Amino acid sequence: MSTTNGTTAAAALPTYTKKDFESGVDPRWCPGCGDFSIINQVQKLLPSIGVARENIVFISGIGCSSRFPYYMNNYGMHTLHGRAPSFASGLKLSRPELQLWVVTGDGDALAIGGNHFIHTMRRNLDIKMLMFNNRIYGLTKGQVSPTSELGKKTKTTPYGSADYPFNPPALALGAGATFVARSVDLEGAHMGVVLKSAAEHRGSTFVEIYQNCPVFNDGAYTFLTEKAVKAEAQLRMEEGKPLLFGKDNRKGIRFNSQSAELEVVTLGEKGAVEKDVLVHNPRRDDPTIAFMLANLSNRPGFPTPIGIFRAVKLPTCDDLNWKVINSAKAKHGDVSLRKFLSSADTWTVE
Amino acid sequence: MSIPEAAPTSKREVEQVETVTIRFVGDSGDGMQVIGSEFTKASALAGNDLSTFPDFPAEIRAPAGSLAGVSGYQVHLGGRTVYTPGDAPDVLVAMNPAALKTNIQDLRLGGMLIVNSGAFNEANLEKALYKKNPLEDDALKKNYRVVPVEMNTLTQHALEGSGLSSKEVARCKNYFALGMLYFLYGRPTEPQVQSIRAKFTKKPEFADANIKVFQAGHAFAETSELFVNTYRVPAAKLRPGLYRNVTGNQATALGLAAAAKLSGRQVFLGSYPITPATEILQESSYFKEMNVVTYQAEDEIAGIGSAIGASFGGAIGCTTTSGPGLALKSEMIGLAVILELPLVVVNVQRGGPSTGMPTKTEQADLLMALFGRHGEAPMPVLAAKSPGDCFYSAMEAVRIAIKWMTPVLLLTDGYLGFGSEPFRIPEEGELQPFAVKYQTTPNYEGGKFMPYLRDAKLIRPWAVPGTPGLEHRVGGLEKDSLSGMVSYDGMNHEKMVKTRAQKIANVVEDVPDLEVFGPAKGEVLLLSWGGTFGSVRASAEALHGKSVAHAHLRWLNPMPRNTGEVLRSYRKVLVPEVNNGQLALYVRAMFPGIDPLQHNRINGKALNISEIVAKVNELLG
């Protein structure tokens, strides 16, 4: 593939360690911030994905999460609020051989950057977006965000927020993302697996990571992460396995064909058996079931799904574009400037 | 004024004219742009110099026959250098009452009005708000040579038995008008017949119909006794070479593609459709084999963002827009300033503020181009002076952006973007390649890479992803003057602000001195910039022999080194502009003591030569 880069790729990939991906700049996040756990997982992952360090680019917007590229020893851009996907889109189209990661937050991606977010997802550009969702504006010290719960009291909503929040995976699915997943900062091992799948996916990749902000929204996810409630509150989606949860996996998610809704059943009660339970398949072309699963976290009495909602293969926007470009180049060959400029009605002045 | 009566065919004479301006006006659906550009092509083939300008409504299809729906195309052709599409038409071809009403006041007194009298029925007169038929008005006949032609009926006659519907027949009448013009100006008909065939290859029945109507128009003009004379415009003395027509927007697209070829780098154009800049993105999207990658982004901001992203990757990031889009892009331009990455922003100016007059021209974005960013954010600004010059300006913008690692703003305008003129295609090897160097090795002690370590001209290196060992981060936060890492140190910030400013000031080494047309010192200097070049140069030529000179600024930032010296060589400086005095204000600030006089028109049109000449004559006393 023709590129703008004059240098040629190295023959063999060096053996990397986690340290090779640390820029040496100490992260300036608050003590206890969930971002530390996320960067740790990303730096642990990158040595194993078979991509040269110099071919990986991290791009971010504005917010706490967006300091991420400064701490990675790759190429990086810290850009404007909400606009990271636009830089990534241009860079990916221009240099499709690069691996692009966008690091963003709930305010950055879904408020000021909402338009870029949906269009990046629907184009299926091969861009991996990690959205750290702490349900608050951290860098500006505690204002309501597009994922803050209804009724949330913040500095700009002292009487409680009257805005319904976005459900980010549902939004990404609705916008046409081909890979949609969710993980949690405290669940390092789970996050590692999800990130690996994200790294391997080609196409618009969206990973929501629930991230605790110990200063402005502490405990936002204790309903999900506390040991005592974890089993009942989390629905771990794994490909090919039934959607079971609860103590001893006694509960499951069933598709009720009468009401066309997902419902919770308890195995052994009211005749419910394991084969009634929906088997997780993130590779369905139709995103409807994935969308229903994404919406479970909005519904009282349902667990919050974590894992991969959707992972389907579709030709990427960058592939489709370069197919056209390469065929035009093959067809015309090296066109001289004079010939190019003369391809119109011309006349000669003696 | 006496208007000669029509003469019998036998006595018809061929009159030589040095220049002529013809305007075709009709309903948006009448095909005025088509016949205007066809007549232009024929004139180019005949060796005339020329300049054209279309004038169409912002609405795609306003109600048929309404005043708002009038669309026009003006062409100025000459046997000598033609600078503008012409002040006032010598010939007006009007296809309906609305077109007559909105254009008749522009026709030169004594000029020829060829009018489709068949369209002057009660319904159309009412839509044009005429209480009575203006063709029956004596005043019209007194002021102009009126040639009423029943084009509707004549077109129908020509197409009797063609099997076309009456609607389809009506659509052909523009070619009747064109046929008449071909006879009047002695254009050979065969190339036009070929052109119609080519245009309708997929619908041969329409090709046949339009050719028939075109020939009928030609024959009608020849045999009827409506015309006193026919006219010949001699060939102009143009620089020898191969020519084509370009609009300014086409030329901008071609210039960017040429820059890709000359630099050996990909041009990445990320844009969003906006009148009057859209054609640049459209044209460019065909140039894939020329290493031009285009991207229609979701909005103006994403357009420029994608371009900056591509520049980080080593491409030549470009974005094209018009005023409202430039406003949206301003935060991004500031980012490009602080990142110090190459970027070309093309702003095709239109009437503002806000949505303003999208299809009308204006020069009112100059101060925004120069100063419209928050913080200290200087950047090079240049402006194209003619449709063809958009080609050279776009190439120059790219060259400067790459050489100096900076965003560059290129100003054109709707008048240049839509206007067209013959363009001499440069010979092979005539355009100089410009090298682009990426940093591929560490540039600092200890094998380190410092992305903001500068050379003597204060230019920083360009290291692109994919280069091992030079991994680095750039961002919008103020950065350390060497490593580029975040720095909140006040003194470092001051140093960086001054360094960025000095770097842009250094660009002056690439800015040629201001050239003066006319006496080197004297009474009045006309100072212009951008799209008004043609009107002002034509005015200066018209004032030949008087103590009047003309200087034209291609570079607005930095300005040519000798600008102050030139300005001080005349007793008065007059700045004609299509805005409320922006260059005049800038000149006052940049050259204290110089207080230019202003000539400002902000009517959505190019400057009128006769008005500038009158103003200068007034100053000369």
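Because the structure is a prediction, the values reported are computed rather than measured.

*Asks:* What exactly am I supposed to notice about the interface of chain A and chain B here?
*Replies:* How big an interface is tends to be expressed through the accessible area that disappears when the partners come together. Facing 59 residues of chain A, the contacting portion of chain B comprises 72 residues. Taken as a group, Y75, R338 and W347 of chain A account for 16% of the area that chain A buries against chain B, more than any other trio of residues on that side. Here chain A and chain B share five salt bridges between them. As a salt-bridge pair, D334 of chain A and K261 of chain B come within 2.6 Å of each other at their nearest N and O atoms. Looking at the side of chain A that touches chain B, the elements that each hand over two or more residues are α2 (68–71), β2 (75–78), α3 (84–94), α5 (114–123), α11 (317–332), α12 (337–341) and β12 (346–349) of chain A. The biggest single contributor to the side of chain A that touches chain B is α3 of chain A, with seven residues. When grouped by side-chain class, the residues that make up the side of chain A that touches chain B number 24 nonpolar, 23 polar and twelve charged.

*Asks:* Is there a simple way to explain unusual backbone geometry in this structure?
*Replies:* With glycine set apart, most residues show a phi of negative sign, and most peptide bonds adopt trans. Of note, the amide linkage connecting T275 of chain B to P276 of chain B takes the cis form, showing an omega dihedral of 5°. Take P276 of chain B: it is sitting in the loop between β10 (267–271) and α11 (278–284). Following G352 of chain B, the chain continues into P353 of chain B via a peptide bond in cis, with omega recorded as 5°. For P353 of chain B, the position within the fold is in the loop between β13 (343–349) and α14 (366–371). Not every positive phi belongs to a glycine, and R135 of chain A is a case in point at roughly 60°.

*Asks:* What is the right way to read the packing of helix α5 (residues 151–158) of chain B against helix α9 (residues 204–223) of chain B from this model?
*Replies:* Packed helix pairs are specified by the crossing angle of their axes together with the interaxial distance, meaning the distance between the axes. All names here are of chain B. Direction vectors running N to C along α5 and α9 enclose 120°, while the axes themselves pass 9 Å from each other. With respect to their mutual orientation, α5 and α9 come out oblique. For the element pair α5 and α9, the recorded crossing hand is right-handed. Of the residues in α9, those in contact with L154, T155 and A158 of α5 are K212, V213, A216 and F220. Its residues assigned to classes, the contact of α5 with α9 shows five nonpolar, one polar and one charged.

*Asks:* Looking at this structure, I do not really get the sheet that holds strand β8 (residues 244–245) of chain A. What am I missing?
*Replies:* Backbone-to-backbone hydrogen bonds pair the strands of a sheet. The strands run either parallel or antiparallel. All names here are of chain A. Read across the sheet, three strands follow the order β8-β9-β10 without closing on themselves; strand pairing throughout is antiparallel. Here the strands that pair on one side only, and so sit at the sheet edges, are β8 and β10 (261–266). In the sheet, strand β9 (residues 251–256) pairs with β10 via six bridges, with the strands oriented antiparallel. Counted as the bridge partner of R254 is E263 from β10.

*Asks:* In this structure, what is going on with helix α8 (residues 190–199) of chain B? I would like to understand it.
*Replies:* Side chains that are three or four residues apart share a direction in an α-helix, a result of its 3.6 residues per turn. All names here are of chain B. Among all positions of α8, only Q192, V193, S195 and I196 are buried. One side of α8 carries all its buried residues, which in axial view fall inside an arc of 160°. At its buried positions, α8 is contacted by α1 (32–45), α7 (173–184) and α9.

Basis of the calculations
- Residues numbered from 1 in each chain as written.
- Chains lettered and ligands numbered in written order.
- Predicted model: local features only at pLDDT ≥ 70, side-chain atom pairs only at ≥ 80, totals over all residues.
- Heavy atoms only, no water.
- Contact = heavy atoms within 4.5 Å.
- Buried area = accessible area lost by both parts, 1.4 Å probe.
- Salt bridge = Lys/Arg side-chain N within 4 Å of Asp/Glu carboxyl O.
- Helix = DSSP H or I, 4+ residues; strand = E, 2+ residues; numbered from the N terminus.
- Nonpolar A, V, L, I, M, F, W, Y, C, P; charged D, E, K, R; others polar.
- Axes fitted to C-alpha atoms, helices over the stretch in contact; angles between N-to-C directions.
- Parallel < 35°, antiparallel > 145°, perpendicular 65-115°, else oblique.
- Left-handed = near helix turned anticlockwise from the far one by under 90°.
- Pairing = 2+ DSSP bridges.
- Buried < 20%, exposed > 50% of the residue type's maximum accessible area, 1.4 Å probe, protein only.
- Arc of directions from axis to C-beta.

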